[in-house]
Amino acid sequence: MAQLTFYGAVAGVTGSMYLLEIDNACLLLDCGLFQGRREEEDANRKPLPFDASRIDAVVLSHAHLDHSGRLPLLMAQGFEGPIYMTRPSCDLIDVLLKDAASLQERDVEWENKRRRRAGKETIEPLYRLDDVEEVLDHCQGIPYHHRTHIADGVDVNFVDAGHILGSAIVELFINERGVEKKLVFSGDLGNSQAALLRDPDTVDTADVLLLESTYGNRDHRSMETTLQEFEDVIETASRNGGNILIPSFAVGRTQEIIFRLGELYQQGKLRHMAIYLDSPMAIAVTEIYHRYQDIYNTEDKAAIDSTASTHPTKQKSLHTFLPVLRYSTSTEESMALNQVERGAIIIAGSGMCNGGRIRHHLKHNLWRQQSHVIFVGFQAIGTPGRALVDGARHFKIAGEEVVVRATIHTLGGFSAHAGQSQLVDWLRHFKGKKPRLFLVHGEDEAKNALAALVKREGWQPQIPGPGETVSF
């Protein structure tokens, strides 16, 4: 009998990790970092709660670090098998894990300086770039809709989750003693209102279903309302002479924002604004997005291709769709933006303001009344971004406290996650006997709200606890 143990993204949104054990194979579904509060992130330093050398293969739903970021730790603790994912995820994980390793090495270097001065023991980063290279050697890309044998008694099929480039709903076909069972993990389901990517594929059969619930307690604003508010903020900032800061996740959200700004530009707007993408990682990811335009949705791909009349000699891309976009790659270029007091839209990471270049831009702009900060993604409890959204009047960076006079905006319609109604609609595609449903990837309030709602539609949802094992 198959056993599934829930090791992450069960007491909250992050740290996705599930161990599947069957007669002749042992697989790990996702291997993500815990992110958010310090005590949550401290959990990343604990040994993995199983023998990593027993794992035959890893199946990755997508490249976000809360789904992939502990892969180097898994290998350091004895895993030597293949890591299966979609082909775009292979490209993205290269960028994300290397960036994570570089940030850890840098942060530990600064922390150890402080520790040495205080007479404390030094610490090591979670992993280094060499550890990431070993992970990349084990990654294998599989096309969407291509059922593939990955272990004794197990096949995998990836279908499009519409969340970020390469994101997948994972279908695992498990054969034990001549009986086939199907486990489906939704991964992170995309928001059907979002730009560029296709709507999530539907699945109609399963024996066991793991469903994310990040927004299980609410729906997003309509995209029409969100885009109007986005345009209004830009017009207001232009009138009163302020800058606009957009803390944005490098993968998915940044490309969505570039596309939406491109729509405004193509309508004859934004001609007086300077737009900067100040994130080397987001720049690298945007270039990867250019390589996979064949999996964009039809409408948005056509809009980008329509720039042929204005850029007939260039390959069509987000950059040709928004030609006023400027890449800021070096530290010097980033620091130069701190001298810009008006007329700039600066997109920078991290999306929750707990690191990256956005913190320096906040330091130089939050205290200005004419400045605007637009949050376009989920802000986890305990992060600086969440504090600003919740009305914090001061922001601390590098020991300096900055008063918050800027106007803070939250545009929930840009979310890359399905809202409550979209999650329920996706569930309605299952036919016949309903699978055993486990709600994961959500705060308690979101999971409980979604559970109550789907019960009324005949489901029997379960909310597993950390380390809980179920058999099927």
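Residues numbered from 1 in each chain as written. Predicted model: local features only at pLDDT ≥ 70, side-chain atom pairs only at ≥ 80, totals over all residues. Heavy atoms only, no water.

### What about the sheet that holds strand S10 (residues 179–185)?
Two orientations exist for strands paired in a sheet by backbone hydrogen bonds: parallel and antiparallel. A sheet is described by the order of its strands in space; here six strands give the open sequence S7-S8-S9-S10-S11-S20, paired in mixed fashion. Among the strands making up the open sheet, the edge pair consists of strand S7 (148–151) and strand S20 (436–440). Averaged over neighbouring strand pairs, the angle between their axes works out to 25 degrees when direction is ignored. Pairing analysis gives seven bridges linking strand S8 (residues 154–160) to strand S9 (residues 168–176), with the strands arranged antiparallel. The residue bridging Val 159 from the neighbouring strand is Ile 169, located in S9. With respect to the sheet, helix H14 (residues 420–427) is in contact with S9, S10, strand S11 (208–212) and S20, its orientation differing from that of S11 by roughly 165 degrees. Docked against the sheet, helix H15 (residues 444–455) engages S11 and S20, running at close to 155 degrees with respect to S20. (Pairing = 2+ DSSP bridges. Helix = DSSP H or I, 4+ residues; strand = E, 2+ residues; numbered from the N terminus. Axes fitted to C-alpha atoms, helices over the stretch in contact; angles between N-to-C directions. Contact = heavy atoms within 4.5 Å.)

### So, helix H8 (residues 280–291)
Side chains three or four residues apart in an α-helix point the same way, a direct result of the helix having 3.6 residues per turn. The end-to-end C-alpha distance of H8 is 17 Å, a good match for the 16 Å that 12 residues give at a rise of 1.5 Å each. Buried residues of H8: Met 281, Ala 282, Ile 283, Val 285, Thr 286, Ile 288, Tyr 289 and His 290, and no others. Among the structural elements, helix H4 (87–117), helix H7 (253–266), strand S13 (274–277), helix H10 (318–321) and strand S14 (325–327) are those in contact with the buried residues of H8. (Expected span 1.5 Å × (residues − 1). Buried < 20%, exposed > 50% of the residue type's maximum accessible area, 1.4 Å probe, protein only.)

### Details of the pattern of salt bridges
Scanning the model with the defined rule gives 25 salt bridges in all. A salt bridge links Glu 171 to Lys 182, with the shortest nitrogen-to-oxygen separation between them at 2.9 Å. Taken together, the positions of Glu 171 in strand S9 and Lys 182 in strand S10 put the pair 11 residues apart, joining distant regions of the chain. Pair check on accessibility: Glu 171 and Lys 182 agree, each one buried. Linking Glu 457 and Arg 428 is a salt bridge whose minimum nitrogen-to-oxygen distance equals 2.4 Å. Note that Glu 457 is positioned in the loop between H15 and strand S21 (469–471) and Arg 428 in the loop between H14 and S20, a separation of 29 residues in sequence. Overlapping salt bridges, with partners in common, bring together Asp 94, Lys 98 and Glu 133 in one network. (Salt bridge = Lys/Arg side-chain N within 4 Å of Asp/Glu carboxyl O.)

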